[in-house]
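Topology and contacts: notes
Single-letter residue listing:
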Amino acid sequence: MRVTIVGGGIAGLTCALSLHAAGFRPRVSEAAQTIEAVGVGINLLPHAVRELTELGLADELAAIAVPPRRLGYHDRAGEPVWEEPLGLAAGYRWPQYSVHRGRLHVMLLAAVRERLGPDAVRTGLLFERFERTRDGVRAHFLDRTSGTPTVQDADVLVGSDGIDSVVRARLHPDEGTSHWNGVHMWRGVARYPHILDGRSIVVAGGTPGAKFVAYPIEDPATPGGAALLNWVLEVRHGRSAEPLDRSHRRVTAAQARAGLADWSLPWIDPVALVERSSTILEYPMLDRDPLPRWSFGRVTLLGDAAHPMFPMGMNGGSQSIVDARVLAWCLARDHDPVAALDRYDRMRRPAVNPIVLANRDLGPEEIIARAAEHGGPLPTGRAERIANGYKELAGASVTQVNTHPSWTIPPQAPDPRGPAASGPSAANADELTTPPPGTRA
């Protein structure tokens, strides 16, 4: 089965690795002309770390990431209103990781090229449109280097091209633009001594546009040295008649200092953090309304192309990784690609769409907002209900993650027709396990 993946980000590369592990030989086409280690921090929750571990990437991930042990919610004065353990400390069989997004991206790219070959990911190919053929789908690209059009014929086309997905726009031409909630995120990384115990994620403030987040993504090179700290300051701006600036413009140190002027956090010096940040970039907080359908025949969506969400609960990237694994499982289970993509849609879309909506209502960070109304920490039972309810909704509770059957496909004998035609054998497809709890077959 020929699979073309549009988009070589974290979701697209994980999709390629998942499909390869299931016996396929996918191709990835990325619009950027180079893939480099750029960006800021990202958190991978245990349900995503489990999937990357089962793809054989545990050692590579541990080498570039920091495993946080605690999540702390604080008010604007830095006083704690809720704490909970994370990863192994919470009882998961897999850790949670905080990592530089660029380093994760490059690690995944190296794994794809090592396992699938150096030409498995082609850069500089701008996706334009697709058309259905008698026995598949034809994707049309513009080669940004030569300026010439190129096509790829496939049995399946996966749109993993982000929040502004062209594949999504072709499937839902009347959808319109993404949804902005009026908040900008000023994001940076800085060399700064570890805060608190050096293994904490701290979220202060709690409502969009009035929130500060910090966590380490790299340990100090020497004991007592400076860690690499990821930080985010959310600011609310009035809506304008002008088009929203999506350029990720640079924020000056003076602007950032002014934005932090009203913050008093005893465990960190925000002004010093700003001064140590080489670059501060502005990102609008965006999502899209949940879709009623992802899969149309031989074409489907994955990751931010399918379910862009506000960054409450640290869930967007992790859900994209699960998407990739479920899609590979479905394609391996059914030799009819249309039926497989329909099954993937029915399993993932009803599971993820409620998370998009929950994140609009603050997700687990509702605890901080309710604590502000309460005048201090919530009664333990109430805070636990909010935190645990969100985990259950996301399929990310300790029990859900630790006990669901693996998405890994049983090994198979080589296909005598060659690697381009390879896919799971009918016998192995019949032996695959039933879907894990929390999914819909």
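That block above? That's the structure.
Here's what I pulled together on the structure shown here. (Residues numbered from 1 in each chain as written. Predicted model: local features only at pLDDT ≥ 70, side-chain atom pairs only at ≥ 80, totals over all residues. Heavy atoms only, no water.)

**Quick notes on the pairing of strand S1 (residues 3-6)**
Keep this limit in mind: Only protein chains enter the calculation, and the probe is 1.4 Å; a residue is then buried if its accessible area is under 20% of its type maximum, exposed if over 50%, and partly exposed in between. A run of H or I in DSSP counts as a helix once it spans at least four residues, and a run of E counts as a strand once it spans at least two, with each numbered from the N terminus. Two strands pair under a simple rule: DSSP has to find at least two bridges between them. With the strands aimed away from the viewer, a crossover counts as right-handed if its path from the first strand over the helix to the second runs clockwise.
In S1, alternate side chains face the same way, and those of Val3 and Ile5 on one face and Thr4 and Val6 on the other are all buried. Sheet topology places S1 next to strand S12 (residues 156-159); four bridges connect them, and they run parallel. Within the sheet, the bridge partner assigned to Thr4 lies in S12 and is Leu157. Direction of pairing for S1 relative to strand S2 (residues 27-30): parallel, over a ladder of three bridges. Among the inter-strand pairings, Thr4 is bridged to a residue of S2, identified as Arg27. Where the polypeptide runs from S1 across helix H1 (residues 10-21) and back to S2, its parallel neighbour, the crossover connection is right-handed.

**Points about the packing of aromatic side chains**
Applicable threshold: Between the rings of Phe, Tyr and Trp (Trp by its six-membered ring), a pair exists once the centres lie within 6.5 Å; its type follows the angle of the planes, with under 30 degrees stacked, over 60 edge-to-face, and the other angles tilted. Only lysine NZ and arginine CZ atoms are considered, and such an atom sits over a ring when it is within 6 Å of the ring centre and within 35 degrees of the ring normal.
Scanning the entire structure with this criterion turns up four aromatic pairs. For the pair Phe127 and Phe141, a centre-to-centre distance of 5.6 Å together with 70° between the ring planes defines the contact as edge-to-face. Of this pair, Phe127 sits in strand S9 (residues 125-133) while Phe141 sits in strand S10 (residues 136-143), and the two are 14 residues apart along the sequence. Looking at Phe127, the relative accessible area reads 5%, which means it is buried. Measuring from ring centre to ring centre gives 5.1 Å for Trp329 and Trp407, while their planes differ by 75°; the resulting arrangement is edge-to-face. Taken together, the residues Trp329 in helix H8 (residues 316-333) and Trp407 in the loop between helix H12 (398-403) and helix H13 (426-431) connect sequence positions 78 residues apart. In terms of burial, Trp329 and Trp407 fall into one category: buried. The side chain of Arg76 reaches across the aromatic face of Trp263, ending 4.1 Å from its centre.

**Overview of the nonpolar core**
Put simply, the rule reads: Nonpolar core, defined: a set of buried Ala, Val, Leu, Ile, Met, Phe, Trp, Tyr and Cys residues in which side-chain atoms within 4.5 Å join the residues together. In this analysis, two residues are considered to be in contact whenever any of their non-hydrogen atoms come within 4.5 Å of each other.
Core analysis: the largest hydrophobic core is formed by 83 residues, its most contacted members being Leu104, Leu108 and Leu331. Broken down by element, the residue count for this core peaks at ten residues, all from H8. Setting aside chain neighbours within four positions, we find Leu104 in contact with Ile10, Ile42, Leu44, Leu61, Ile64 and Val99. Membership of the second largest hydrophobic core comes to 27 residues, among which are Tyr283, Phe310, Met312 and Ala383.

**Things to note about the pairing of strand S16 (residues 227-236)**
Summarising burial for S16: nine of the ten residues are buried, a large majority. Where strand S13 (residues 179-192) meets S16, ten bridges bridge the pair, whose relative direction is antiparallel. Within S16, the position partnered with Tyr192 by the bridge is Ala227.

**What about the sheet that holds strand S7 (residues 97-100)?**
In spatial order, the strands read S3-S7-S4; together these three strands make up an open sheet with antiparallel pairing. In this open sheet, the two strands that pair with only one neighbour each are strand S3 (41-44) and strand S4 (65-66). Pairing of S4 with S7, which is carried by two bridges, proceeds in the antiparallel orientation. Paired with Val66 across the two strands is Ser98, which belongs to S7.

**Brief notes about the side chain of Asn43**
Counted only if it meets this: Here a polar contact means two N or O atoms within 3.5 Å. Within protein one must be a hydrogen donor candidate and the other an acceptor candidate, and residues neighboring in sequence count only if both atoms are side-chain atoms.
Counting through the fold element by element, Asn43 comes out in strand S3. Looking at Asn43, its side chain comes within polar contact range of the side chain of Gln96, at 3.3 Å. Within polar-contact distance, the side chain of Asn43 engages the side chain of Ser98 at 2.7 Å. Aside from chain neighbours lying at most four places away, what touches Asn43 is Pro68, Gln96, Tyr97, Ser98, Ile201, Tyr215, Met314 and Ser318.

**Remarks on the environment of Trp94**
Summarising the element assignment, Trp94 is placed in the loop between strand S6 (80-85) and S7. In this structure Trp94 comes out as buried when scored by relative accessible area, which is 10%. The sequence separation of Trp94 and Phe130 amounts to 36 residues, and the corresponding C-alpha distance is 39 Å. Apart from the residues lying within four places of it in its own chain, the contact partners of Trp94 are Pro46, Val49, Arg50, Thr53, Gly87, Leu88, Val401 and Asn402.

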